[in-house]
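Observations on the model geometry
Listed here are the chains, written in short residue letters.
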Amino acid sequence: MHEAPIINLGGFNLDLSAVLMLFVSCLIVFVLCRLAVANLSVENPGKLQNFMEWVVEFVQGVVGSAMDLKKGKPYISLGLTLILFIFVSNLLGLPMGIITEAHKPESIFGFVIEATRNLSGGEHAEILWWKSPTADISVTAGLAIIVFFLMNYLGLKHNRKHYLKHYIEPFPVFLPLNIIENLAKPIALAIRLFANIFAGEVLITVILKMGFLGIPFMGIWQGFSIFVGALQAYIFTILTMVYIAQTTIHEEDH
């Protein structure tokens, strides 16, 4: 069973593999975007520029489907960041995995690294360093919590009267249900993304254990996983825009 490399910082357990993969995802997205705008040309755009322009237009369509594009224009950069970061993160665990064995807690740069579960005697665990960061519930929960605070902050800032009023609609007795509905949004965002990507990586592990018999299945599943990764990035992004539209735009403004 694959475990996670953990270091303890003041009583807080930090998953090094998740931090590493978050850094890799950010780096890939940054480099991709930087290369796309390195040699901008209106008359003779490069392939990467054409691709990035298509992504921007796609995100504009996503935002426009959730709210009036004039009011949603400030959120295009947010949508672009989410869809690129999540898509790249979803695919990182597909091409390869980096696994080491940990027989006992080890030290690096003064920090003690140990597996998720405590090891004793000759017991050892396989530590997974390279994976899709979105296959970690803490990463998807972090993204969902950011969206949760952002949508409520924007609701209070741009639509305070109607935002607060909606908690007691259609009747004040619905206040607890409306609060639960609001709290359920980030939970659904986090679990949906995590479950789909984690399940895909578990299935890859199962196929690998089939040896040569699993080669054709691996090819098919890799292709399907790219589709799932793109779909989950799209769903997370469009739901984020829908939630922002619900809190910031009054119904009469739709």
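Analysis parameters
- Residues numbered from 1 in each chain as written.
- Predicted model: local features only at pLDDT ≥ 70, side-chain atom pairs only at ≥ 80, totals over all residues.
- Heavy atoms only, no water.
- UniProt positions renumbered as here; feature names shortened; annotations may be inferred.
- Helix = DSSP H or I, 4+ residues; strand = E, 2+ residues; numbered from the N terminus.
- Expected span 1.5 Å × (residues − 1).
- Buried < 20%, exposed > 50% of the residue type's maximum accessible area, 1.4 Å probe, protein only.
- Contact = heavy atoms within 4.5 Å.
- pLDDT = per-residue confidence, 0-100.
- Core = buried A, V, L, I, M, F, W, Y, C linked by side-chain atoms within 4.5 Å.
- Axes fitted to C-alpha atoms, helices over the stretch in contact; angles between N-to-C directions.
- Parallel < 35°, antiparallel > 145°, perpendicular 65-115°, else oblique.
- Left-handed = near helix turned anticlockwise from the far one by under 90°.

Looking at an unreviewed UniProt entry, the protein chain carries the name ATP synthase subunit a, with the source organism given as Paenibacillus vini. The UniProt entry for the protein chain carries this comment under Function (unreviewed entry): "Key component of the proton channel; it plays a direct role in the translocation of protons across the membrane." Quoted straight from UniProt, the Sequence similarities (unreviewed entry) entry for the protein chain says "Belongs to the ATPase A chain family."

Some details on helix H4 (residues 76-91)
Because each turn of an α-helix spans 3.6 residues, side chains separated by three or four positions end up pointing in the same direction. Here H4 contains 16 residues, and its C-alpha end-to-end distance of 23 Å stays within 8% of the 22 Å for a straight helix at 1.5 Å per residue. Buried within H4 we find Ile76, Gly79, Leu80, Leu82, Ile83, Leu84, Phe85, Ile86, Val88, Ser89 and Asn90. Contacts made by the buried residues of H4 are with helix H1 (16-36), helix H2 (47-66), helix H3 (69-72), helix H5 (137-158), helix H7 (175-208) and helix H8 (215-248).

Here we look at the environment of Val202
Inspection of the secondary structure assignment puts Val202 in helix H7. Distance in space between the C-alpha atoms of Val202 and Ala135 is 9.6 Å, their sequence separation being 67 residues.

Let's talk about the UniProt feature "transmembrane region" (unreviewed entry) in the protein chain
Summarizing the sequence annotation, UniProt attributes the feature "transmembrane region" (unreviewed entry) to residues 20-42, 75-99, 137-156, 193-218 and 224-245 in the numbering used throughout. With 74% helix and 0% strand, residues 20-42 has its two end C-alpha atoms placed 37 Å apart. Taken as a whole, residues 137-156 contains 100% helix and 0% strand, while its terminal C-alpha atoms sit 28 Å from one another.

Points about the side chain of Thr237
Take Thr237: it is sitting in helix H8. The contact partners of Thr237, leaving out residues within four places of it in the chain, are Val62, Gly79, Leu82 and Ile83.

Some points on the confidence of the model for the protein chain
For the protein chain, mean pLDDT is 82; residues scoring 70 or higher make up 81% of the total. When pLDDT is averaged over each helix and strand of the protein chain, the minimum, 49, is found for strand S6 (residues 111-114) and the maximum, 94, for H4. Across residues 107-112, confidence stays below pLDDT 50; counting only partners more than four residues off in sequence or on other chains, it has 10 contacts. Here residues 118-122 scores under 50 on pLDDT; set against residues more than four positions off or in separate chains, the count is 6 contacts.

Points about the nonpolar core
Judged by nonpolar contacts, the single largest core of 42 residues is most densely connected at Val59, Met67, Leu84, Ile86, Leu189, Phe236 and Met241. In this structure, Met67 is in contact with Gly72, Tyr75, Met241, Ile244, Ala245 and Ile249, ignoring residues within four places of it in sequence. Leu94, Ile207, Met218 and Trp221 belong to the second largest nonpolar core, which has 5 residues in total.

Here's the deal with the packing of H5 against H7
Here H5 crosses H7 at 150°, and the two axes come no closer than 8 Å. As the angle between them shows, H5 and H7 are arranged roughly antiparallel. Where H5 crosses over H7, the handedness of that crossing is right-handed. Here Ile137, Thr140, Ala141, Leu143, Ala144, Val147, Phe148, Met151 and Asn152 of H5 lie close against H7, whose contacting residues are Asn182, Leu183, Lys185, Pro186, Leu189, Ala190, Leu193 and Phe194.

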